[in-house]
Amino acid sequence: MALASSVARSGRGPRNLLQFLRLVGQLKRVQRTGWVYRNVERPESVSDHMYRMAIMALVTKDDHLNKDRCVRLALVHDMAECIVGDIAPADNVPKEEKHRREEAAMKQLTQLLSVDLGKELYELWEEYETQSTAEAKFVKQLDQCEMILQASEYEDLENRPGRLQEFYDSTAGKFSHPEIVQLVSELEAERNASITAATGEPHS
């Protein structure tokens, strides 16, 4: 009986962990919907996106942020999409319904883990959703920044400068963290130079 109680506290067993890992592994195959809708060749997966976000969090120089928590938030924030898929604004799913689906998915996922670990992952997801901490706000800006960096890379790969302008437009006014502002400024300068070189006209 004591052994059973110990197992219950420490985890839900290898079968449930394997199921959890298989579900999360689906993120490798869930393509980012925004790129699919724009007919981008070989669109990235959700896990591609989260991985670079986690790296961006890892290399931040901001000592006022809990870097470890930022990395964890980046790795968890889109985890529910392994079950519900990547719901994009163009899908016209109300925000409340999107949240409901993702909340149910996170509960399904975290129930496969030990109580403590499941609680930690669920609370990380909830922290990001509610934007309740400085770390969550920072990672939200990383999410937007990573998206436009990816847009720029797709434009370069297709040799079609400026094609994905709507993604840049959607982030207007959303960056406030100094490091991210500097990164976005450099990205936009490089992108604008590419557009000018291709069109012969300065890009505003």
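Residues numbered from 1 in each chain as written. Predicted model: local features only at pLDDT ≥ 70, side-chain atom pairs only at ≥ 80, totals over all residues. Heavy atoms only, no water.

**What about the overall build of the protein chain?**
Here is step 1: Looking only at helices and strands, the protein chain has eleven helices and zero strands in total.
Here is step 2: Listed N to C, the secondary structure of the protein chain is α-α-α-α-α-α-α-α-α-α-α in terms of helices and strands.
Here is step 3: By its C-alpha atoms, the protein chain is 75 × 40 × 30 Å across when sized along the principal axes.
Here is step 4: By the burial criterion, 40% of the 204 residues in the protein chain qualify as buried.
Here is step 5: Within the protein chain, contacts between residues at least 6 apart in sequence are counted, and of these 67% link residues at least 24 apart.
Here is step 6: For the protein chain, the exposed area adds up to about 11,900 Å²; of that, 53% sits on carbon and sulfur atoms.
Here is step 7: For the protein chain, the distance from the average position of its 26 positive side-chain charges to the average position of its 34 negative side-chain charges is 7 Å. (Helix = DSSP H or I, 4+ residues; strand = E, 2+ residues; numbered from the N terminus. Buried < 20%, exposed > 50% of the residue type's maximum accessible area, 1.4 Å probe, protein only. Contact = heavy atoms within 4.5 Å. Areas by Shrake-Rupley, 256 points an atom, 1.4 Å probe, with all protein chains shown as cover. Lys, Arg positive; Asp, Glu negative; His and termini not counted. Charge placed at Lys NZ, Arg CZ, Asp CG, Glu CD.)

**Considering the environment of Glu-166**
Here is step 1: Structurally, Glu-166 can be placed in helix α10 (residues 165-169).
Here is step 2: In this structure Glu-166 comes out as partly exposed when scored by relative accessible area, which is 40%.
Here is step 3: Remark: the alpha-carbon pair of Glu-166 and Ala-151, spanning 15 residues in sequence, is separated by 9.6 Å.
Here is step 4: Only 2.6 Å separates the side chain of Glu-166 from the side chain of Arg-38, close enough to count as a polar contact. (Polar contact = N/O pair within 3.5 Å; in protein donor to acceptor, adjacent residues only side chain to side chain.)

**Considering the packing of helix α4 (residues 46-58) against helix α9 (residues 134-158)**
Here is step 1: At their nearest, the axes of α4 and α9 sit 9 Å apart, and the two run at 120° to each other. Between α4 and α9, the angle is such that the two are oblique. At the point where α4 passes α9, the crossing takes the right-handed sense. Residues His-49, Arg-52, Met-53, Met-56 and Ala-57 of α4 pack against Phe-138, Val-139, Leu-142, Asp-143, Cys-145, Glu-146, Leu-149, Gln-150 and Glu-153 of α9.
Here is step 2: In terms of residue class, the contact of α4 with α9 is made up of eight nonpolar, two polar and four charged. (Axes fitted to C-alpha atoms, helices over the stretch in contact; angles between N-to-C directions. Parallel < 35°, antiparallel > 145°, perpendicular 65-115°, else oblique. Left-handed = near helix turned anticlockwise from the far one by under 90°. Nonpolar A, V, L, I, M, F, W, Y, C, P; charged D, E, K, R; others polar.)

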